[in-house]
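Spelled out from the first residue to the last, the chains are:
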Amino acid sequence: GENVEQHPSTLSVQEGDSAVIKCTYSDSASNYFPWYKQELGKRPQLIIDIRSNVGEKKDQRIAVTLNKTAKHFSLHITETQPEDSAVYFCAASIGGSTLGRLYFGRGTQLTVWP
Amino acid sequence: ETGVTQSPTHLIKTRGQQVTLRCSSQSGHNTVSWYQQALGQGPQFIFQYYREEENGRGNFPPRFSGLQFPNYSSELNVNALELDDSALYLCASSLPLVSYNEQFFGPGTRLTVL
């Protein structure tokens, strides 16, 4: 089955700096890669996703890059703010299929200091 | 558009008991997936229901079972509870053949087994 590795497990940055979280996956059939943000005691919220036919996607301060050959994808947050503090999860899946289970990484605790 | 809802919010049980958790999918979504999230971990896939049938199962024993109803709401049942079953149980709904595999999570049920 799919194996998703996520690094780092914790990340502390100063407000205004950039944050990068990296994930690798093992199954070349995976073609859909969402990122979720989970605040303490709350549900995971989808913040951005990318499909394998695209190398990069951006939404305001958040961007995701995908390297299919190397089987890795990354989340980039620019101009970080204290409200970005949360646990971030990457996931991999076979999209467009009824077998769309998500395989999650172990999460990254991001802390943004004012 | 109605979001994903779950009940109850919290539950305390003792070892050996049985529990039923409930999930209402987002309006129009025909697929519900259940995940177990232990403290400090990423969500782990339990199983998925697509149009009332189980459609994929993770590495969980048969004492974890489920149902999906004609209105696409779903139940997760766990028999013979063990201490390690203590976790946040999340359901996620999706419409995989239309919107790729975007999955939207409910707020979760926090289960504590004593």
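Everything numeric here is computed off the predicted structure, so don't read it as measured data.

Asker: Break down the sheet that holds strand E6 (residues 56-59) of chain A for me, citing the residues and quoting the values.
Answerer: Residues and elements named next belong to chain A. Ordered in space as E1-E3-E8-E7-E6, the 5 strands form an open sheet in which the pairing is antiparallel. Strand pairing shows two members of the sheet lacking a second neighbour, strand E1 (5-7) and E6, which therefore form its edges. Direction aside, the axes of adjacent strands within the sheet are offset by 15° on average.

Asker: An account of the sheet that holds strand E1 (residues 5-7) of chain B is requested, with residue identities and associated values reported.
Answerer: Two strands in a sheet stick together by hydrogen bonds in their backbones, pointing the same way (parallel) or opposite ways (antiparallel). Residue and element names in this part refer to chain B. Taken in spatial order, the 4 strands line up as E1-E3-E8-E7 in an open sheet, and their pairing is antiparallel. With partners counted over all chains shown, the strands left at the sheet margins are E1 and strand E7 (64-68), one partner each. Strand-to-strand twist of the sheet, defined as the mean angle between neighbouring strand axes without regard to direction, takes the value 20°.

Asker: Could you give an account of the pairing of strand E4 (residues 31-37) of chain B, naming the residues involved and the relevant values?
Answerer: Residues and elements named next belong to chain B. Within E4, 7 of the 7 residues are buried, leaving the element largely enclosed by the surrounding structure. The two faces of E4 match: Thr-31, Ser-33, Tyr-35 and Gln-37 on one face and Val-32, Trp-34 and Gln-36 on the other face are all buried. Bridge count between E4 and strand E5 (residues 44-50): 6 bridges; the pairing is antiparallel. Paired with Val-32 across the two strands is Tyr-49, which belongs to E5. The turn linking E4 back onto E5 is made up of 6 residues, and Gly-40 within it adopts a positive phi angle of 75°. Pairing analysis gives 7 bridges linking E4 to strand E9 (residues 87-94), with the strands arranged antiparallel. What sits directly across from Ser-33, in E9, is Ala-92.

Asker: Help me get a handle on the state of the cysteines, residues and values and all.
Answerer: A full pass over the atoms with the stated rule returns 2 disulfides over all chains. Linked covalently through their sulfurs, Cys-23 of chain A and Cys-90 of chain A form a disulfide whose S-S length is 2.0 Å. Torsion about the S-S bond of the Cys-23 of chain A and Cys-90 of chain A cystine: about -100°, corresponding to left-handed handedness. One end of the pair, Cys-23 of chain A, is in strand E3 (residues 19-24); the other, Cys-90 of chain A, is in strand E9 (residues 86-92), and 67 residues separate them in sequence. Judged by its relative accessible area of 1%, Cys-23 of chain A falls in the buried class. Sulfur-sulfur distance for the disulfide between Cys-23 of chain B and Cys-91 of chain B comes to 2.0 Å. Taking the torsion about the S-S bond as the criterion, the Cys-23 of chain B to Cys-91 of chain B disulfide, at about 75°, is right-handed. Residue Cys-23 of chain B is found in strand E3 (residues 19-24), and its partner Cys-91 of chain B is found in strand E9; the two are separated by 68 residues along the sequence. Here Cys-23 of chain B and Cys-91 of chain B have matching classes, each one buried.

Asker: Describe in detail the interface of chain A and chain B, supporting the description with residues and values.
Answerer: Facing the 23 residues of chain A at the interface are 25 residues of chain B. With both sides pooled, the region where chain A packs onto chain B buries about 2,100 Å², and carbon together with sulfur makes up 54% of that total. Between the two partners, chain A and chain B, sit 0 salt bridges. At the boundary of chain A with chain B, the tally comes to 6 residue pairs in polar contact (both at pLDDT 80 or more). Counting residues per element, the ones that place at least two in the side of chain A that touches chain B are strand E4 (32-38) and strand E5 (45-51) of chain A. Of the residues that constitute the side of chain A that touches chain B, the class distribution is 9 nonpolar, 9 polar and 5 charged.

Reading the values: rules and limits
- Sequence order sets the numbering: in each chain, residues are counted from 1 along the sequence as written.
- All chains are assigned letters beginning with A, and all ligands numbers beginning with 1, in the order in which they are written.
- Where totals are concerned, whole chains, interfaces and linings use all residues; where local detail is concerned, this predicted model gives features only for residues with pLDDT of at least 70, and gives and counts side-chain atom pairs only at 80 or more.
- The side-chain quantities take in all heavy atoms of the structure and omit both hydrogens and water.
- Strands qualify as paired when DSSP identifies two bridges or more between them.
- Elements are defined by DSSP. Helices are runs of H or I of four residues or more, strands are runs of E of two residues or more, and each kind is numbered from the N terminus.
- What counts as an axis is a line fitted to C-alpha atoms, over the stretch in contact for a helix, and the angles between N-to-C directions run from 0 to 180 degrees.
- A simple rule labels every residue: compare its accessible area, found with a 1.4 Å probe on the protein chains alone, to the largest value its type can have, and call it buried under 20%, exposed over 50%, or partly exposed in between.
- The disulfide definition used here is simple: a pair of cysteine sulfur atoms within 2.5 Å.
- Any two residues having at least one pair of non-hydrogen atoms within 4.5 Å are treated as being in contact.
- Buried area is calculated as the accessible area (1.4 Å probe) missing from two parts once they are joined, with the contributions of both summed.
- Just to be clear on terms, a salt bridge is a Lys or Arg side-chain nitrogen sitting within 4 Å of an Asp or Glu carboxyl oxygen.
- Think of a polar contact as two N or O atoms within 3.5 Å of one another; within protein, one of them needs to be a possible hydrogen donor and the other a possible acceptor, and neighboring residues in sequence only count if both atoms come from side chains.
- Amino acids are sorted into nonpolar (Ala, Val, Leu, Ile, Met, Phe, Trp, Tyr, Cys and Pro), charged (Asp, Glu, Lys and Arg) and polar (every other residue, Gly among them).

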